[in-house]
Amino acid sequence: MRFSLALATTVTLAMTAVTLAPASANAHATPNGPTAVGFGGAVSTVDATATAVGLDVLRRGGNAVDAAVAAAATLGVTEPFSAGIGGGGFFVYYDAKRHTVSTIDGRESGPATMTETTFIDPADGLPYDFQEARVSGLSAGTPGTLATWEAASRKWGTRPLGALLLPAAKVADRGFPVDATFRQQVADNAAQFAQFGSTSEIYLPGGAPPAVGSTLRNPDLADTYRLIARRGTGVFYRGPIGADIVRTVQHPPVDPTPSVPWAYPIRPGDLRMSDLAHYQVRYPAPTRSGYRGLTVYGMSTPSSGGTAVSEALNILEKTDLSKVTMTQALHRYLESSALSFADRNRYVGAYTPQPVLDKLISDGWASQRACQINPDRALTKPVPPGDINATGCTPAPVGGPVEQGQSTTNLTVADRWGNVVEYTLTIEQTGGNAMVVPGRGFLLNNELTDFNFTGTQGSAPDPNLPGPNKRPRSSMSPTIVLKDGKPFLAAGSPGGATIITTVLQILVNRIDLGMTLPEAMAAPRASQRNSPGIQAEPAFHQQYGPGLEALGHTFGPDVAELGAATAIEFTRHGGLIATAEPVRRGGGSAGVLWPRR
Ligand code: GLY
């Protein structure tokens, strides 16, 4: 979302009066464009207000973690359909002093009573329709976002969490202007939102999506943030906010006379206070793999992002892409991605044993899979997964694609000390499960629909079936790339399962195909997730379709856009190139503390 610079500055200055020391009159930030070049720290998000808040924290001496948390809290206000304290996410952190990369798994978890058949209709034994499962209490997992912010700020930040929530509370109180992207997101979910009075009263004022240019306020969310700031996260996980979450899940606040009809019964879920009280973030070791002399760090399970990106890069590494035609480079990109997705679907879930994950991102495994790529002919999709116990070139039976929603958001932050945060957070579908917790102002996630409702692997076990306290597989791929032990690039994106291919494509564009980072971000995208038809943006299809079709690739229906990425490149002598989308999702917002003149 892109707002005017004037507004972003207003929000920044207004917010500082409440939270921190007096604002400097001269804001050095350039938070309104898709690219900013300079020094001293950088923030890139999808939204100018969130970027401005993050930059302000940096300007006042906060570090990258402080700025990331404050920006994420602001996205919970201005980007509420993609992320917020009703959801979860994955936080990747490069610590400049220790030269280490660490992660936080703040993924939502299923209730203790969840079973493999939670998404099977007992009436007919068939899986629920996706929308029926989504708009229900069954789909909401215990949110991990607030616990992530607390863990990150305690471990690595320099400001108390409460102070980092207050700028966002101020934005929620004062309001922000509705842009075309926001309005469209409401319009696309109007039927779902209309089922719940607590949601429609905020997002369907007068029964319709808010007008572009109108100011949207969310005082309930402002109060929620302030309550947490005053009393700590216990009010959420063990107190009154948690009780409201549980009530919403168990007794969805259904409007008895919705303005738009809904085709399905709205089913309750079984999330309990004990589920919230037992919730804990995890600190898994990041995935780590080499790529053309660089070291790529990503998110491990329950996300499949780190393993899938690394496996695809390892397969790609078998070819020097700078020495082949663009068609051949893209052919390899698409084939590597399909092979990697086949293995992800077969092997990766919350409980995949570490030796299997290690094997999937090993160079040896990449050779066993890369041998299938034929330079003259595209593989028939879906390709089967490899046999993890085989030696030599490995095909095996079964395997199929799994889709995920297009929601989610991403942010990238760097500070003057060289620390870096790459953070992807979500409530799953755009609008989550469509239920605003009454009186609390935030939407609940529908993350549990990221589980497979039934087995997808034929007679082989499916690693992503629901289970008690289990976290559903994700595709979120916050990625930090080091060169000679120092940050070179950090990138991430929303987009459900397309996250993996968007991050992969940005890396390949930048590292192999001679593009600058802004070019790598703006380039048209395509996603091959082991399905018969490539999902492509129209510009990609137009430009590269004929060459790829001649090799046997087939395209599915084009999609208007894939992803809404943010990224930062680290250049010599502390230089920063912060980038966001120029166009996708209405355009993003990148800013640096001290712009290069
Ligand atoms: N809900 C999107 C993901 O986790 O990948």
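Heads up: the structure comes first, above all this text.
The rules behind these values
- Residues numbered from 1 in each chain as written.
- Predicted model: local features only at pLDDT ≥ 70, side-chain atom pairs only at ≥ 80, totals over all residues.
- Heavy atoms only, no water.
- Helix = DSSP H or I, 4+ residues; strand = E, 2+ residues; numbered from the N terminus.
- Rg over C-alpha atoms; globule rule 2.2 N^0.38 Å.
- Buried < 20%, exposed > 50% of the residue type's maximum accessible area, 1.4 Å probe, protein only.
- Contact = heavy atoms within 4.5 Å.
- Areas by Shrake-Rupley, 256 points an atom, 1.4 Å probe, with all protein chains shown as cover.
- Lys, Arg positive; Asp, Glu negative; His and termini not counted.
- Charge placed at Lys NZ, Arg CZ, Asp CG, Glu CD.
- Phe/Tyr/Trp six-rings, centres within 6.5 Å; stacked < 30°, edge-to-face > 60°.
- Lys NZ or Arg CZ within 6 Å of the ring centre and 35° of its normal.
- Pairing = 2+ DSSP bridges.
- Near = heavy atom within 4 Å.
- Polar contact = N/O pair within 3.5 Å; in protein donor to acceptor, adjacent residues only side chain to side chain.
- Nonpolar A, V, L, I, M, F, W, Y, C, P; charged D, E, K, R; others polar.
- Disulfide = S-S within 2.5 Å.

On to the overall build of the protein. Each helix and strand counted, the protein has 20 helices and 17 strands in total. Whereas a compact globule of 597 residues would reach a radius of gyration of roughly 25 Å, the protein reaches 22 Å, a difference of no more than 12%. Each of the 597 residues in the protein was classed as buried or not, and the buried ones make up 64%. Considering only intrachain contacts with a sequence separation of at least 6, the fraction spanning at least 24 residues in the protein is 74%. Carbon and sulfur atoms make up 54% of the accessible area of the protein, which totals about 19,800 Å². With 48 positive and 48 negative side-chain charges, the protein shows a spacing of 8 Å between the two charge centroids.

Take the packing of aromatic side chains next. With the rule as written, the count across this model stands at 15 aromatic pairs. With a centroid separation of 5.5 Å and 70 degrees between ring planes, the pair formed by Phe176 and Phe182 is classed as edge-to-face. Assigned by exposure class, Phe176 and Phe182 land together as buried. Here the aromatic rings of Tyr237 and Tyr279 are separated by 6.0 Å at their centres, their planes lie at 10 degrees, and the arrangement is stacked. Taken together, the residues Tyr237 in helix H11 (residues 234–237) and Tyr279 in the loop between helix H13 (273–278) and strand E6 (287–291) connect sequence positions 42 residues apart. A relative accessible area of 5% places Tyr237 in the buried class. You can call Tyr279 buried: its relative accessible area is 8%. Put simply, the rings of Phe81, Phe176, Phe182, Phe193 and Tyr203 touch in pairs and so form one group of aromatic residues. Over the aromatic face of Tyr283 sits the side chain of Lys155, whose NZ or CZ is 4.4 Å from the ring centroid.

A large share of strand E11 (residues 486–492) lies buried, amounting to 6 of its 7 residues. If you look at the hairpin formed by strand E10 (residues 479–483) and E11, you'll find 2 residues sitting between the two strands, and Asp484 has a positive phi there, around 50 degrees. Relative to strand E15 (residues 566–570), E11 runs antiparallel, the two sharing 4 bridges. Of the residues in E15, the one forming a bridge with Ala491 is Ala567.

Taken together, 8 residues sit near the ligand, with Arg107, Glu447, Asp450, Ser474 and Ser475 positioned nearest. Within the side chain of Arg107, an N or O atom sits 2.9 Å from an oxygen atom of the ligand. Taking Glu447, its side chain carries an N or O atom lying 2.7 Å from a nitrogen atom of the ligand. A breakdown of the residues in the shell around the ligand according to their chemical character gives 1 nonpolar, 3 polar and 4 charged.

This part covers the state of the cysteines. Disulfides are covalent bonds that link the sulfur atoms of two cysteine residues. As enumerated under the stated definition, the model contains 1 disulfide in all. There is a disulfide in this structure between Cys371 and Cys393, and the S-S distance comes to 2.0 Å. Classification of the bridge connecting Cys371 and Cys393 rests on its S-S torsion, roughly 100 degrees, and on that basis the disulfide is right-handed. Taken together, the positions of Cys371 in the loop between helix H17 (363–370) and strand E8 (409–415) and Cys393 in the loop between H17 and E8 put the pair 22 residues apart, joining distant regions of the chain. Classification of Cys371 by relative accessible area gives partly exposed; the value is 39%.

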